[in-house]
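Fold and contact review
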Amino acid sequence: MELSEEEKKEAHDMMELWEDNVLARYPEQSKKQKEDFRNYDNPTRDTVREFYKQNHQYQTYGFVLEKEKEFLALDRKKMTLWEAVEYLNTLVDDSDPGIDLDQTQHLLQTSEAIRADGHPDWFILTGFLHDLGKVLCLFGEPQWAVVGDTFPVGCKFSDKIVYPEFFKSNPDTQDERFNTLLGVYEEHCGLNNVHMSWGHDEYIYHIMKDHLPEEGLYMLRYHSFYAQHREKSYDHLMSKHDHEMFEWVQKFNVYDLYTKAPERPDVEKLRPYYEDLASKYLPDVLRF
Ligand SMILES: [Fe+2]
Ligand SMILES: [Fe+2]
């Protein structure tokens, strides 16, 4: 299924809005931005609210298991890394070329900042890959099942998740299998045993699972799990090992959130470096 230009633009805009919203919730230094965000009556906030309303209503335990079955066989499309990057980049918004960065530029700004700080090459590559799972959008998935904060399903939703009030329309809230603190899980069972709400994090994790060091895999899989890496509200599910690995998730989050800059990285100049890195760690063709 091909998305129309209009749908691609909508998807792109929603991704931008979500990222701006996360940044407003977790501003780099000043609390002022956060205050402004709370008090400012703007139309984009309504779009974000509407987005989370759907996300929180439809991301049930059953929905997640269904999507895992549907997508994790990875039999949809085969692409080289660069084909995937270009495919994702068809989600551009050309309405405002002065400010908007496309997806490739976000990936490169993230990974180049990691590189500039002298981190290991797998960390740089992880930065470059982290949002490639958003191609789900191009497979016709609704935006609430691609982007947005992620959270465990199958147990009580934390009130530290953004817009927690919307979970009241999620049927799992009424289901006694799923609405206790632990739900279907055991205390400290480890996140590997926990199903997360479905989106681009879980998807890219599975695509890269056999190819990157574990620290990088945690970054991919949990980078939108703000309720834990920022709010620490799921310690009851985390193992000791998860806690150690989340130090890397936190390290990564800084690059994801705070590297947006108006200067555009020179994509063609950087391409050979990233293709080299990819050939060190990844197979020539990736399965989506
Ligand atoms: Fe992301
Ligand atoms: Fe990102």
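Right, let's walk through the structure included here.

Here we come to the overall build of the protein. Counting secondary structure elements, the protein contains 12 helices and 2 strands. A compact globule built from 288 residues should have a C-alpha radius of gyration of about 19 Å, and the protein, at 18 Å, falls within 12% of that. Dimensions of the protein, computed from C-alpha atoms along their principal axes, come out at roughly 55 × 45 × 40 Å. Buried positions account for 40% of the 288 residues belonging to the protein.

Let's shift gears to helix α8 (residues 200-208). With respect to burial, α8 is a largely interior element, 8 of its 9 residues being buried. For α8, every residue scored as buried is listed here: His200, Asp201, Glu202, Tyr203, Ile204, Tyr205, Ile207 and Met208. Check the buried side of α8 and you find it contacts α4 (61-71), α7 (121-129), α9 (214-222) and β2 (286-287).

This part covers the nonpolar core. One finds Val135, Ile204 and Met208 to be the most contacted residues of the largest nonpolar core, which totals 69 residues. With residues up to four places along the chain from it excluded, the contact list for Ile204 reads Leu129, His130, Leu132, Gly133 and Leu220.

Now for the environment of Leu3. With respect to the helices, strands and loops of the structure, Leu3 is situated in the segment before α1 (5-25). Taking the C-beta count within 10 Å as the criterion, Leu3 has 16 such neighbours and is therefore assigned partly exposed. Distance from Leu3 to Phe139, taken between C-alpha atoms, is 8.0 Å for residues 136 residues apart in sequence. In this structure, Leu3 is in contact with Lys8, Leu138 and Gly140, ignoring residues within four places of it in sequence.

Turning next to α9. Burial within α9 is extensive, with 7 of its 9 residues counted as buried. Of the residues making up α9, those classed as buried are Gly216, Leu217, Tyr218, Met219, Leu220, Arg221 and Tyr222. Contacts made by the buried residues of α9 are with α7, α8, α10 (226-229) and α11 (240-257).

Among the secondary structure elements, Val267 is positioned in helix α12 (residues 267-281). Residue Val267 is classed as partly exposed on the basis of its 16 C-beta neighbours within 10 Å. Linking Val267 and Asp131, residues 136 residues apart in sequence, is a C-alpha distance of 16 Å. Those residues within four positions of Val267 in sequence are excluded, and the remaining contacts are Thr104 and Leu108.

As a packed pair, α7 and α12 sit with axes 10 Å apart at the nearest point and diverge in direction by 110°. Between α7 and α12, the angle is such that the two are roughly perpendicular. Between α7 and α12 lies a crossing whose hand is left-handed. For the pair formed by α7 and α12, the contact residues are Asp121, Trp122, Ile124, Leu125 and Phe128 on the first element and Tyr274, Leu277, Ala278 and Tyr281 on the second.

Each pair of packed helices can be summarised by the angle the axes make with each other and by the distance between the axes. Two numbers describe how helix α6 (residues 103-116) lies on α7: the axes approach to 7 Å, and their chain directions differ by 165°. With respect to α7, the element α6 is oriented roughly antiparallel. For α6 against α7, the interelement crossing comes out right-handed. In this structure, α6 uses Leu107, Leu108, Thr110, Ser111, Ile114 and Arg115 to contact α7, whose residues at the interface are Phe123, Ile124, Gly127 and Phe128. Per-class residue counts for the contact of α6 with α7 are 6 nonpolar, 3 polar and 1 charged.

Attention now goes to the environment of Ala73. Note that Ala73 resides in the loop between α4 and β1 (78-79). On the basis of neighbour count, Ala73 is assigned to the exposed category, with 10 C-beta atoms found within 10 Å. Residues Ala73 and Ile207, spaced 134 residues apart in sequence, show a C-alpha to C-alpha distance of 9.6 Å.

With that settled, consider unusual backbone geometry. Phi is positive for His188, which is not a glycine, with a value near 55°. On the secondary structure map, His188 appears in the loop between α7 and α8. Here Lys232, not a glycine, exhibits a phi torsion of approximately 50°, which is positive. Here Lys232 is to be found in the loop between α10 and α11. A count of 13 C-beta atoms within 10 Å places Lys232 in the partly exposed class.

Calculation criteria
- Residues numbered from 1 in each chain as written.
- Chains lettered and ligands numbered in written order.
- Predicted model: local features only at pLDDT ≥ 70, side-chain atom pairs only at ≥ 80, totals over all residues.
- Helix = DSSP H or I, 4+ residues; strand = E, 2+ residues; numbered from the N terminus.
- Rg over C-alpha atoms; globule rule 2.2 N^0.38 Å.
- Buried ≥ 20, exposed ≤ 12 C-beta atoms within 10 Å, placed from the backbone.
- Contact = placed C-beta atoms within 7 Å.
- Core = buried A, V, L, I, M, F, W, Y, C linked by C-beta atoms within 7 Å.
- Axes fitted to C-alpha atoms, helices over the stretch in contact; angles between N-to-C directions.
- Parallel < 35°, antiparallel > 145°, perpendicular 65-115°, else oblique.
- Left-handed = near helix turned anticlockwise from the far one by under 90°.
- Nonpolar A, V, L, I, M, F, W, Y, C, P; charged D, E, K, R; others polar.

Spatial relationships are all this shows, so hold off on functional conclusions.
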